[in-house]
Amino acid sequence: MPLEPDERIPVVVHAPDPILREGMISQLRQHPVVELVEESEVPEQGVAVLLAESPDPAALAWLRRLVRKDGLQAVLVVSMIRETELLDVFECGVGAIVWRHEATPQRLLRAVVAAYRREGDLPSDLLGRLINQVGTLRTTAVGASGVRPSGLTPRETDVLRLVADGMGTGQIAEKLSYSERTVKNIMQGLTTRLALRNRTHAVAYALREGYIS
């Protein structure tokens, strides 16, 4: 979802502390591409940014409402994520995560744009933790029955494995000798078919079901 020259991204910001919220808004306001909107005026398309100490139940409930009901993409800015919270975070629709100590204006803009494009943007240390967490939770049905889940094609699995490695669309296309349009179509097809919200959710799904590890 490339941005048009004059396109702006509607962004709604939520934080339990109004002072923290104003600080986040002031950082995002520096970017002309960002159009800040009030929580009472949620746009039809856009990005929800949640600032929290950790993804507690109240924070995740807010994200689920905006992602599932209102169709927004989500950016989570947090100080910490516990191992037990990882899958909940991804499966509620979070497309980008930023550690609070790394939340500079440029880092926030990168996350907002990635979420808006449904490309995903995770801290480099988080994917390994997700893989470990999924490994402890993955169903044993495949091993017990010898039957593999039937959600992803081999081509989709190849693409998601490279997404999990942190590659962008252009890098994946070059690696697999596809066009960028083909890579985008593969991602759009699998996320639509499996009701996944973005690339990050798709990677979590593939990890959980044992397609990639």
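These figures come from a predicted structure and were not determined experimentally.

Chemist: Explain the overall build of the chain to me, please; I cannot follow it from the model alone.
Modeler: When its secondary structure is counted, the chain shows 10 helices and 5 strands. A burial count over the chain gives 46% of its 213 residues as buried. In the chain, 71% of the contacts between residues at least 6 apart in sequence involve partners at least 24 apart.

Chemist: Where do I start with the sheet that holds strand β5 (residues 94-99) in this structure?
Modeler: Within a sheet, adjacent strands bond to each other through the backbone by hydrogen bonds, running parallel or antiparallel. Strand order in this open sheet of 5 strands is β2-β1-β3-β4-β5, and the pairing throughout is parallel. Of all strands in the sheet, those bounded by a partner on one side alone are β2 (34-37) and β5. On average, adjacent strands in this sheet sit at an angle of 25° to one another, irrespective of strand direction. When strand β1 (residues 9-14) meets β2, the two strands line up parallel, connected through 4 bridges. Counterpart to Val11 in the pairing with β2 is Leu36.

Chemist: So what exactly am I meant to see when it comes to the side chain of Gln73 here?
Modeler: Secondary-structure assignment places Gln73 in strand β4 (residues 73-78). In contact with Gln73, other than residues within four places in its own chain, are Gly46, Val47, Ala48, Ala115, Tyr116, Arg118, Arg197 and Asn198.

Chemist: How do you make sense of the side chain of His201 when you look at a structure like this?
Modeler: Note on placement: His201 falls in helix α10 (residues 199-208). On the basis of relative accessible area, His201 is assigned to the buried category, the value being 7%. Leave out the neighbours within four places in its chain, and His201 touches Phe90, Glu91, Ala195 and Leu196.

Chemist: Would you mind showing me how to read helix α9 (residues 180-193) here?
Modeler: Note: α-helices contain 3.6 residues per turn, so residues at a spacing of three or four share the same orientation. The terminal C-alpha atoms of α9, which comprises 14 residues, lie 20 Å apart, in line with the 20 Å expected from a rise of 1.5 Å per residue. Within α9, burial applies to Val183, Ile186, Met187, Leu190 and Thr191. Down the axis of α9, the smallest arc covering the buried residues is 115°, so these residues share one side. Seen from the buried face of α9, the exposed residues on the opposite side, beyond 90 degrees, are Arg181, Gln188 and Thr192. Tucked into the core, α9 has its buried residues touching α7 (154-164), α8 (169-176) and α10. Looking one or two residues beyond α9, the residue adopting positive phi is Ala195, at roughly 55°.

Chemist: Explain the environment of Glu39 here, please?
Modeler: Here Glu39 is to be found in the loop between β2 and β3 (47-52). In this structure the C-alpha to C-alpha distance between Glu39 and Val13, which are 26 residues apart in sequence, comes to 7.2 Å. With sequence-adjacent residues up to four places away left out, Glu39 is seen in contact with Val12, Val13, His14, Arg21 and Trp62.

Chemist: Hey, could you run me through the packing of aromatic side chains in this one?
Modeler: Between two aromatic rings, the relevant description is the distance of the centres plus the angle of the planes. Applying the stated rule across the entire model yields 0 aromatic pairs. The lysine or arginine in question, Arg155, covers the ring of Tyr178, its NZ or CZ lying 5.8 Å from the ring centre.

What counts as what
- Every chain is numbered independently, its residues counted from 1 as its sequence is written.
- Where totals are concerned, whole chains, interfaces and linings use all residues; where local detail is concerned, this predicted model gives features only for residues with pLDDT of at least 70, and gives and counts side-chain atom pairs only at 80 or more.
- Based on all heavy atoms of the structure, the side-chain values leave hydrogens and waters out of the count.
- Helix numbering and strand numbering both begin at the N terminus, where a helix is a DSSP run of H or I of at least 4 residues and a strand a DSSP run of E of at least 2.
- For each residue, the accessible area found with a 1.4 Å probe, counting protein chains only, is set against the maximum for its type, and the residue is called buried under 20%, exposed over 50%, and partly exposed in between.
- Contacts are assigned to residue pairs that have any heavy atoms within 4.5 Å of one another.
- When DSSP finds two or more bridges between two strands, those strands count as paired.
- Every angle, taken between N-to-C directions, lies between 0 and 180 degrees, and every axis is a line fitted to C-alpha atoms, over only the stretch in contact when it is a helix.
- Expected span of a helix: the number of residues minus one, times 1.5 Å.
- What the arc describes is the spread of directions from the helix axis to the C-beta atoms.
- When the centres of two rings from Phe, Tyr and Trp lie within 6.5 Å, Trp using its six-membered ring, the rings pair. Their planes under 30 degrees apart give stacked, over 60 give edge-to-face, and anything left gives tilted.
- When the NZ atom of lysine or the CZ atom of arginine is within 6 Å of a ring's centre and also within 35 degrees of its normal, the charge is said to sit over that ring.

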